[in-house]
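Chain by chain, the residues:
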Amino acid sequence: MSKADNMLAILWLLKTNKRTTAKQLAEALEMHIRTVYRYIDALCASGVPIVADAGHNGGYSLLEHFKESPLFFDLDEQKALVQAALFAEEAGYPYTDVLKRAITKLKRYTNEEQRSEIDRHLAGFEVINAAAHTSIGIEPLLQKLEQAVASCSTQLIAYQKGFGLDVEQRRINPYGLIHWQGKWYMIAFCHLREDIRSFRVDRIQTITGSDDRYERPADFSARDYLRQNMKPWLTSDEPLVRVVIKGHPRALEALTEHWLFNDSLIERMSDEAHFMMDEKALLTYIPHHLLGYGMRIQVLEPTILREHLIELMTKLLVYYQDPTNFDK
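The shown structure was predicted, so the numbers you read here are calculated from the model rather than taken from an experiment.

Cut-offs applied
Residues numbered from 1 in each chain as written. Predicted model: local features only at pLDDT ≥ 70, side-chain atom pairs only at ≥ 80, totals over all residues. Heavy atoms only, no water. Helix = DSSP H or I, 4+ residues; strand = E, 2+ residues; numbered from the N terminus. Buried < 20%, exposed > 50% of the residue type's maximum accessible area, 1.4 Å probe, protein only. Contact = heavy atoms within 4.5 Å. Expected span 1.5 Å × (residues − 1). Arc of directions from axis to C-beta. Pairing = 2+ DSSP bridges. Axes fitted to C-alpha atoms, helices over the stretch in contact; angles between N-to-C directions.

Caption draft 1: View of the environment of Y60. By the element assignment, Y60 lies in strand 2 (residues 59–62). A relative accessible area of 15% means that Y60 is categorised as buried. For the pair Y60 and I50, spaced 10 residues apart in sequence, the C-alpha separation works out to 6.6 Å. The contacts of Y60, once residues within four sequence positions are left out, are L14, K18, R19, T20, A22, L25, Y37, I40, I50, V51 and A52.

Caption draft 2: Region of interest: helix 5 (residues 75–90). Here helix 5 spans 23 Å end to end across 16 residues, near enough to the 22 Å set by a 1.5 Å rise per residue. Turning to helix 5, its buried residues number three or more, namely Q78, V82, Q83 and A85. Take helix 5 and look down its axis: the buried residues cluster within an arc of 140 degrees, on one side only. Among the structural elements, helix 1 (3–16), helix 6 (96–108) and helix 7 (112–123) are those in contact with the buried residues of helix 5. G92 occupies a position one or two residues after helix 5 and carries a positive phi of about 90 degrees.

Caption draft 3: Just helix 1, in detail. An ideal rise of 1.5 Å per residue puts 20 Å on 14 residues; helix 1 measures up with 20 Å between its terminal C-alpha atoms. Burial runs high along helix 1: 11 of the 14 residues are buried. Of all the residues in helix 1, the buried ones are D5, N6, M7, A9, I10, L11, W12, L13, L14, K15 and T16.

Caption draft 4: Representation of the sheet that holds strand 3 (residues 153–160). Spatially, 5 strands are ordered 6-5-4-3-7 in an open sheet, and the strand pairing comes out antiparallel. Every other strand in the sheet has two partners, leaving strand 6 (195–200) and strand 7 (204–213) as the edge strands with one partner each. Direction aside, neighbouring strands of the sheet carry axes that sit 45 degrees apart on average. Strand direction decides the pairing type here: strand 5 (residues 183–190) and strand 6, joined by 6 bridges, are antiparallel. Each bridged residue has a counterpart across the sheet, and for M186 the counterpart in strand 6 is F199. Sitting on the sheet, helix 8 (residues 139–151) touches strand 3, strand 4 (167–180), strand 5 and strand 7, and the angle it makes with strand 4 is about 85 degrees.

Limitation: the analysis is restricted to geometry and does not speak to function.
Here is the structure:
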């Protein structure tokens, strides 16, 4: 380990034990006792309040107020950090190797009792991201984009808009990265469209940096942009339509928790839910989602949504009645 790592290790050992001798530190860290003395002197010179007590029960210890420094974490904080790392890794966090190294250090500088306690909490704590496979291989892209956002540097990307579509060259000013619904998105100003756009990172084929710099809009939120982009009716000036859906309580619970509906809910009863939604949404993706609930729900209002559902179901019926429709 480097000198910095060894000095940090001594600090962790002093923090987790009330009083420790130089011999105990040397044995724990597998180094010569004279090296321990040298590191202790260096720590004291840097301002760390290490107390040296002589005598039979003597040794080194830290002043109590220094033990509460943010540098150190109690057991609950350590447990939270290790468990949070599982979420980050499963989401495709772009600096997984660095994260694992940090967690390894955290575990290394805890005592045996703390490590055992952390392992007990981890044994029954797991995370599954259904779309985790979509993040495979995009770590380098995420790293470059994260660095581009931090440095406010314009990037040139080769971007595939959708499955089977041609790849387009786009010049963008990256504003922020966001992980949503199992996928990573880059929110950026697109020079071609002269407007802010969202780009799925897994569709970026290549990325090339430039020396051009830009000024990121003050208080810009990638989260807010994506939320408004996915639910345009939340910020639309168009009049909203009242949607009334009746159904099984559990089905309604699942419906109101879905991202398409949760912000539009205005009233909820045991077997009925009322929403205010944009008419355009009712004729596009909303009906397709409602079909998945089958006969567990029933649309009472508006008539236009009921008619569109009937139209969709009729098309599906025709489609499946004649197998040759697949080739048409």
